[in-house]
Amino acid sequence: MNLTVGSYVVDVRSGRVGRVMGHVGPYVQLRPIGGGREWDCPPEGARPATDAERISAATSYVNARSRGEVP
């Protein structure tokens, strides 16, 4: 599975899309699209994000930002 830094994955536990920022101990560090607080995900709990999932997450972030819900 592609868990290289910079790739986009889905945390199957929560359904959140994140960008791989690094590896710490047994976990992969993920950051939400648009930035924000990183979270830990076990490698077996992640799968590559489809283009549609990545675009949907980015669109959701941009829409929330336009409404003033996120900085």
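So, here is what we can say about the structure in this document. (Residues numbered from 1 in each chain as written. Predicted model: local features only at pLDDT ≥ 70, side-chain atom pairs only at ≥ 80, totals over all residues. Heavy atoms only, no water.)

**Looking at the nonpolar core**
Side chains of a nonpolar character, in soluble globular proteins, are inclined to be buried together.
Link 1 in the chain: Grouped together as the largest cluster of nonpolar side chains are eight residues: Leu3, Val9, Val20, Val28, Leu30, Trp39, Cys41 and Ala46.
Link 2 in the chain: Mapped onto this core, the elements with two or more residues apiece are strand E3 (27-32) and strand E4 (39-41).
Link 3 in the chain: Once residues within four sequence positions are removed from consideration, Cys41 is found in contact with Asp11, Arg13, Tyr27, Val28, Leu30 and Ala46. (Core = buried A, V, L, I, M, F, W, Y, C linked by side-chain atoms within 4.5 Å. Buried < 20%, exposed > 50% of the residue type's maximum accessible area, 1.4 Å probe, protein only. Helix = DSSP H or I, 4+ residues; strand = E, 2+ residues; numbered from the N terminus. Contact = heavy atoms within 4.5 Å.)

**Notes on the packing of aromatic side chains**
Link 1 in the chain: Applying the stated criterion to the full structure yields zero aromatic pairs.
Link 2 in the chain: Over the ring of Trp39 we find Arg16; its NZ or CZ atom is 3.7 Å from the centre of that ring.
Link 3 in the chain: Positioned over the ring face of Tyr8 is Arg54, at 5.8 Å from the centre of the ring. (Phe/Tyr/Trp six-rings, centres within 6.5 Å; stacked < 30°, edge-to-face > 60°. Lys NZ or Arg CZ within 6 Å of the ring centre and 35° of its normal.)

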